[in-house]
Amino acid sequence: MGNYGRGEKLSAEDWQALKAAAVDAMQNAYAPYSRFSVGAAALTDDGRIVSGCNVENASYGLSLCAECALVGNLHMTGGGLLRAFYCVDAGGNVLMPCGRCRQLLYEFRAPDMELMTTTGIKTMDQVLPDAFGPQHLEETR
């Protein structure tokens, strides 16, 4: 995976590497209740791949999505912004992040972040239009 500048598109091989990392992450999922394992991987703006898997809890509301684990991994490994994202189920099929997770990813996105979706590659702005973010919390005078 290269160090991509703003506006540079990832190659098919880069997307395959992200899928492979998401599948690897999914292998570590803890999903004894739903039996629905999820893995996610993302490319950071400095060229690293970070990943995460879902971790369920008997108190279902306390379960962690793969995207939550991925963002934790992002900060544990040096921070940065997410440039590209891929999420899979146990069969390696593309999953679309839920609304909550789209909001989470939005918070940590690079300006040109792309996601693999069930209908192909889209930008964060396409999957979460008119999003609310940190810029809306800035004090105005």
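In case you missed it, the structure is sitting above this.
Note on numbering: residues in each chain are counted from 1, in written sequence order. With the structure being a predicted model, the display of local features is reserved for residues of pLDDT at least 70 and the display and counting of side-chain atom pairs for 80 or more, all residues being used for whole-chain, interface and lining totals. Only hydrogens and water are set aside when side-chain values are computed; all heavy atoms of the structure are taken into account.

Draft legend 1. Examining the overall build of the protein more closely. Each helix corresponds to a stretch of at least 4 residues labelled H or I by DSSP, and each strand to a stretch of at least 2 residues labelled E; elements are numbered beginning at the N terminus. Helix and strand counts for the protein stand at 4 helices and 5 strands. Only the C-alpha atoms count toward the radius of gyration. The rule for a globule is 2.2 Å times the residue count to the power 0.38. For 141 residues, the compact-globule formula gives about 14 Å, and the C-alpha radius of gyration of the protein, at 15 Å, lands near that figure. Counting the 141 residues in the protein, one finds 41% classified as buried. When contacts within the protein are restricted to residue pairs at least 6 apart in sequence, long-range pairs at least 24 apart make up 59% of them. Per element, the accessible surface of the protein, about 7,600 Å² overall, is 52% carbon and sulfur. For the purpose of charge, His is not counted, nor are the chain termini; Lys and Arg are scored as positive and Asp and Glu as negative. Charge positions are represented by NZ for Lys, CZ for Arg, CG for Asp and CD for Glu. Here the protein contributes 11 positively and 16 negatively charged side chains, and the mean placements of these two sets differ by 3 Å. Between buried and exposed lies partly exposed: a residue is buried under 20% and exposed over 50% of the maximum accessible area for its type, with that area taken using a 1.4 Å probe on protein chains only. Every residue pair with non-hydrogen atoms within 4.5 Å of one another is taken to be in contact. Methods summary: accessible areas were calculated by the Shrake-Rupley approach with a probe of 1.4 Å, and residue burial reflects only the protein chains presented.

Draft legend 2. Spotlight on a nonpolar patch on the surface. A grouping of Tyr30, Tyr33, Val55, Tyr60 and Leu64 is seen on the molecular surface, where their side chains present a nonpolar patch of about 520 Å² in accessible area. The residue valine 55 is located in the loop between β2 (49-53) and α2 (66-76) in this model. Distance thresholds for patches are 9 Å for like charges and 5 Å for nonpolar side chains (Val, Leu, Ile, Met, Phe, Trp, Tyr), applied to residues having over 30% relative accessible area and no salt bridge. Salt bridges, as used here, are contacts in which a Lys or Arg side-chain nitrogen is within 4 Å of a carboxyl oxygen on Asp or Glu.

Draft legend 3. Summary view of the environment of leucine 43. For leucine 43, the location among the structural elements is in strand β1 (residues 38-44). Here leucine 43 falls in the buried class, since its relative accessible area comes to 0%. Along the backbone, leucine 43 and glycine 120 are 77 residues apart, and their C-alpha atoms lie at a distance of 17 Å.

Draft legend 4. How the structure looks around α2. Along α2, the residues that are buried comprise Ala66, Glu67, Cys68, Leu70, Val71 and Leu74. Lining the buried residues of α2 we find β1, β2, β3 (82-89) and α3 (99-107). At the exit of α2 stands glycine 78, carrying a positive phi of roughly 120°.

Draft legend 5. Fine view of the side chain of glutamate 114. Residue placement: glutamate 114 occurs in strand β4 (residues 109-117). Once residues lying within four places of it in the same chain are set aside, the contact partners of glutamate 114 are Lys9, Leu10, Trp15, Arg83, Ala84, Phe85, Ile121, Lys122 and Thr123.

Draft legend 6. Spatial organisation of the pattern of salt bridges. Applying the stated criterion across every chain yields a total of 4 salt bridges. Note that glutamate 114 is salt-bridged to lysine 9, the shortest N-O span being 3.0 Å. Of this pair, glutamate 114 sits in strand β4 while lysine 9 is found in the segment before α1 (12-26), placing the two residues 105 residues apart along the sequence. By relative accessible area, glutamate 114 is classed as buried at 6%. Overlapping salt bridges, with partners in common, bring together Lys9, Arg83, Asp112 and Glu114 in one network.

Draft legend 7. Here's a closer look at the packing of aromatic side chains. Geometry of aromatic contacts follows a simple scheme: Phe, Tyr and Trp rings, the Trp one being its six-membered ring, pair when their centres are within 6.5 Å, and the pair is stacked under 30 degrees between planes, edge-to-face over 60, tilted otherwise. Per the stated rule, a full pass over the model turns up 2 aromatic pairs. Judged by centre distance (6.4 Å) and plane angle (50°), the rings of tryptophan 15 and tyrosine 86 are tilted. You can see tryptophan 15 sitting in helix α1 and its partner tyrosine 86 sitting in strand β3, a full 71 residues away along the chain. In this pair, the class of tryptophan 15 matches that of tyrosine 86, namely buried. Pairing tyrosine 33 with tyrosine 60 gives two aromatic rings, centres 6.0 Å apart and planes at 65°, and the pair type is edge-to-face.

Geometry only, nothing functional implied.
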